[in-house]
Amino acid sequence: MTSTLPTRPGEDFAARLSARAGRMSASAIRELLKLTQRPEIISFAGGLPAPELFPLDAIRAAANAVLDRHGPAAVQYGTTEGHLPLREWIAAQTPGLTPGHVQIVTGSQQGLDLLGKILIDEGDVVLVEAPTYLGALQSFQPYGPRYVELPTDEHGIDVDALEDVLKTHPAKLLYAIPNFQNPTGRTLSLERRRRLVELTAQYGVMVLEDDPYGKLRFTGEALPSLFTLGLERVGGDPERNHVLYSGSFSKTLVPGLRDAWVQGPHLIIEKLVQAKQGADLHTPIFNQMIITELVGEVLPRQIEIVKRAYGERAQHMVGRLREHFPAGVQFTEPEGGMFLWVTLPQGLDTTELFPRALERGVAYVPGRPFFALGGGANTMRLSYSSATPEQIERGVRALAETFREAMG
Ligand code: PMP
C-alpha cells in the first residue's frame, strides 16, 4: 500500500477521510451568512432568538442558587441520561411518561445526530418535508440516508402524497416539524396530524417530531403533538408509541445553555444513552441545574414575553410584505415561531438575487438548501424574530425593490 500522507506543500489529507466524512459538506448558508454580518445590513437571514428578551437576571440568580445548593456537584461529571429533576419535570408534561422516557441532549441538534446514529443505516429511506430544516439534513447525512421528499402546502405535509409514498417506499423514518416549521413557518393541520400518525403506524414507519417552536404560538389554537396522538393510538403506552419527540429550551429560554431533550420508548432512550456516552458523556450538569431552576416560574413568563414580541414582529412583517411586495410574490403567515417563507415567480433564483439584495442592504436565506433533493430556487426564508419595526420597514422595501427589478 502506498502512503497517502502528504509529503509536499499543497498536498492534504483528503484521501484519509472516511466515506462518512465524504458525505458531509460545508453549509452553503454559512458562507452567505458571513456576508450579512456587516452592521449596515438588515438581516432577516439569521435564525437567532431575540437576545434582548433573554432572562439574564433570572439566569444569574439561578446560577447562584445552583452553586449554593449543589456545591461541587453542580460542576462534577453527571449522568448521561441527564439531571433527574429536569427529566422528571419534562416527563410530567405528558401523562404516562416517566424520566426513563426522557434523554437530555446538548441542544436538539445533538438529538438529531444521535437519533440518526441509532436509527439510520446506509440506504434507509428517510421521509422529509420539502422544504425541511437544513440542520436535520446535515445531521442525518453522514449516516447515508436515502431521502424521499414529501410535498407540502399551506397546511404542511400533503398526507395524500404521503400515502402514495408509503405504498411504494419501505421507509424507516419520517422527520417532521409540525409547528411553525423551519423554514416555512407553516403548521400541520389537526386533521393531517391524525392522518399522518395513522398512516405511518399502518406502514410501520417511525416518526421523529421536532418541536422547538411549539410553545411559541402567538395566534390560533394549540394543536396536539404527533407524539400525543401517537400515544393515544396505543392506549397511552409509551413503549408502543411510534412517534419520538424532540423538544428544546433554545427558543423558549436561551439557546446557549444547549439544553434539549428527546422523549420516546425505553429501548430508544437506552440506545440514545449509549450513543451519547460516546459523544459527550453528558450535557453540562450546571446548565441542566440552571434550567431546572427556571422551568417553574421563569419559563412560563418567558414564553409569554417571547410570544408577544414575535407575534408583533410577525404581524408587522406580514403587514409590510402585503404593502410592498409586487403581485406574484407569495408568502406564508405564521401562527408562531420565528420564520416565514417567500416564493417568487418561477424562473427567479434567490441565490442569484442575493448579492443584489445585499447591495440594497438586506439579507435573507435562499431556500434551495432546505430541499433534500434540490429545487426551490425561487424561494427564501425570512426571520422576524430579532428585527425592529424600523428594520422590518426598510428591509422589506429593499427586498421589494430587488424583486421588482428582477421581475422587470
Ligand atoms: N430543529 C429545528 C427545527 C430548529 O430550527 C433548530 C434550531 N434552529 C434545531 C432543531 C436545533 O436547536 P437546538 O439545538 O438549539 O435545540
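As the structure is a computational prediction, the values presented were derived from the model and not from experiment.

Rules of the game
- Residues numbered from 1 in each chain as written.
- Predicted model: local features only at pLDDT ≥ 70, side-chain atom pairs only at ≥ 80, totals over all residues.
- Helix = DSSP H or I, 4+ residues; strand = E, 2+ residues; numbered from the N terminus.
- Buried ≥ 20, exposed ≤ 12 C-beta atoms within 10 Å, placed from the backbone.
- Contact = placed C-beta atoms within 7 Å.
- Pairing = 2+ DSSP bridges.
- Core = buried A, V, L, I, M, F, W, Y, C linked by C-beta atoms within 7 Å.
- UniProt positions renumbered as here; feature names shortened; annotations may be inferred.
- Expected span 1.5 Å × (residues − 1).
- Arc of directions from axis to C-beta.
- Axes fitted to C-alpha atoms, helices over the stretch in contact; angles between N-to-C directions.
- Parallel < 35°, antiparallel > 145°, perpendicular 65-115°, else oblique.
- Left-handed = near helix turned anticlockwise from the far one by under 90°.
- Nonpolar A, V, L, I, M, F, W, Y, C, P; charged D, E, K, R; others polar.

## Remarks on the overall build of the chain
Turning to step 1, where the next piece is worked out: Helix and strand counts for the chain stand at 14 helices and 14 strands.
Turning to step 2, where the next piece is worked out: Along the three orthogonal principal directions, the C-alpha set of the chain runs to about 60 × 60 × 55 Å.
Turning to step 3, where the next piece is worked out: Out of the 408 residues belonging to the chain, those deemed buried represent 45%.
Turning to step 4, where the next piece is worked out: Excluding contacts between residues fewer than 6 apart, the proportion of contacts in the chain whose partners are at least 24 apart in sequence is 75%.

## What about the pairing of strand β14 (residues 379–383)?
Turning to step 1, where the next piece is worked out: Most of β14 is tucked away, with five of its five residues classed as buried.
Turning to step 2, where the next piece is worked out: Of the two faces of β14, the one holding Thr379, Arg381 and Ser383 and the one holding Met380 and Leu382 are both buried throughout.
Turning to step 3, where the next piece is worked out: Note that strand β11 (residues 339–343) and β14 share five bridges and pair antiparallel. Bridged to Val342 within β14 is Met380.
Turning to step 4, where the next piece is worked out: With two bridges connecting them, strand β13 (residues 365–366) and β14 associate as antiparallel partners. The partner of Pro366 across the bridge, within β14, is Met380.

## Notes on the nonpolar core
Across soluble globular proteins, you tend to see nonpolar side chains buried next to one another.
Turning to step 1, where the next piece is worked out: Residues Leu127, Leu173, Leu174, Tyr175, Val207, Leu226 and Leu244 are the most contacted members of the largest nonpolar core, which totals 66 residues.
Turning to step 2, where the next piece is worked out: In this structure, Leu244 is in contact with Leu115, Met206, Val207, Leu208, Glu209, Val262, Gly264 and Ile268, ignoring residues within four places of it in sequence.
Turning to step 3, where the next piece is worked out: Ile42, Leu321, Trp341 and Ala363 belong to the second largest nonpolar core, which has 33 residues in total.

## Considering the UniProt feature "domain: Aminotransferase class I/classII large" (unreviewed entry) in the chain
Turning to step 1, where the next piece is worked out: Under the UniProt annotation, the feature "domain: Aminotransferase class I/classII large" (unreviewed entry) is placed at residues 57–399.
Turning to step 2, where the next piece is worked out: Helix makes up 43% of residues 57–399 and strand 17%, whereas the separation of the span's terminal C-alpha atoms amounts to 37 Å.

## Section: the sheet that holds β13
Turning to step 1, where the next piece is worked out: The strand order β10-β11-β14-β13 describes an open sheet built from four strands, whose pairing is antiparallel. The sheet is open, and its two borders are formed by β10 (330–331) and β13, each paired with just one other strand.

## Considerations on unusual backbone geometry
Backbone geometry follows two general trends: most residues other than glycine have a negative phi, and most peptide bonds adopt the trans configuration.
Turning to step 1, where the next piece is worked out: The step from Ala130 to Pro131 runs through a cis peptide bond, and the omega angle for that step is 5 degrees.
Turning to step 2, where the next piece is worked out: One can find Pro131 in the loop between β3 (125–130) and α6 (134–140).
Turning to step 3, where the next piece is worked out: Omega for the peptide link from Asn182 to Pro183 comes to 20 degrees, which places this bond in the cis form.
Turning to step 4, where the next piece is worked out: Positionally, Pro183 belongs in the loop between β6 (171–176) and α8 (190–202).
Turning to step 5, where the next piece is worked out: Phi at Arg258 is positive, roughly 55 degrees, even though this residue is not glycine.
Turning to step 6, where the next piece is worked out: Relative to the helices and strands, Arg258 resides in the loop between β8 (243–248) and β9 (260–263).

## Examining α8
Turning to step 1, where the next piece is worked out: Here α8 spans 18 Å end to end across 13 residues, near enough to the 18 Å set by a 1.5 Å rise per residue.
Turning to step 2, where the next piece is worked out: Turning to α8, its buried residues are Arg192, Arg193, Leu196, Val197 and Thr200. Relative to the axis of α8, the buried residues are bounded by an arc of 135 degrees and lie together on one face. Opposite the buried face of α8, at more than 90 degrees from it, the exposed residues are Glu191 and Gln202.

## Quick look at the sheet that holds strand β2 (residues 102–105)
Turning to step 1, where the next piece is worked out: Pairing within the open sheet is mixed, and its eight strands lie in the order β2-β9-β8-β7-β6-β3-β4-β5. In the strand order of this sheet, the two ends are held by β2 and β5 (156–157), each with one partner.
Turning to step 2, where the next piece is worked out: Relative to strand β7 (residues 206–210), β6 runs parallel, the two sharing four bridges. From the neighbouring strand, Tyr175 faces β7, where its bridge partner is Leu208.

## Observations regarding the packing of α8 against helix α9 (residues 226–233)
Turning to step 1, where the next piece is worked out: Close contact between α8 and α9 brings their axes to 10 Å; oriented N to C, the two are set at 55 degrees. The angle between α8 and α9 falls in the class oblique. Like other packed secondary-structure pairs, α8 and α9 cross with a definite hand, here right-handed. Of the residues in α9, those in contact with Arg193, Arg194, Leu196, Val197 and Ala201 of α8 are Leu226, Leu229, Gly230 and Arg233.
Turning to step 2, where the next piece is worked out: Residue composition of the contact of α8 with α9, by class: five nonpolar, one polar and three charged.

## Digging into the environment of Arg195
Turning to step 1, where the next piece is worked out: Following the sequence through the fold, Arg195 ends up in helix α8.
Turning to step 2, where the next piece is worked out: Remark: the alpha-carbon pair of Arg195 and Val159, spanning 36 residues in sequence, is separated by 6.9 Å.

## Let's talk about the environment of Ser383
Turning to step 1, where the next piece is worked out: Counting through the fold element by element, Ser383 comes out in strand β14.
Turning to step 2, where the next piece is worked out: With eleven residues separating them in the primary sequence, Ser383 and Arg394 have C-alpha atoms 14 Å apart.

## Considerations on helix α5 (residues 108–119)
Turning to step 1, where the next piece is worked out: Taking 1.5 Å of rise per residue, twelve residues should cover 16 Å, and α5 covers 16 Å from first to last C-alpha, within 8% of that figure.
Turning to step 2, where the next piece is worked out: Most of α5 is tucked away, with ten of its twelve residues classed as buried.
Turning to step 3, where the next piece is worked out: The complete set of buried residues in α5 reads Ser108, Gln109, Gln110, Gly111, Leu112, Asp113, Leu114, Leu115, Gly116 and Leu119.

## Some remarks on the packing of helix α4 (residues 84–91) against helix α11 (residues 285–295)
Turning to step 1, where the next piece is worked out: Contact geometry for α4 and α11: axes closest at 9 Å, N-to-C directions at 40 degrees. Judged by the angle between their axes, α4 and α11 are oblique. The chirality of how α4 crosses α11 is left-handed. The segment α4 lies against α11, with Pro85, Leu86 and Trp89 engaging Gln288, Ile291, Thr292 and Val295.
Turning to step 2, where the next piece is worked out: Among the residues forming the contact of α4 with α11, the class breakdown is five nonpolar, two polar and no charged.

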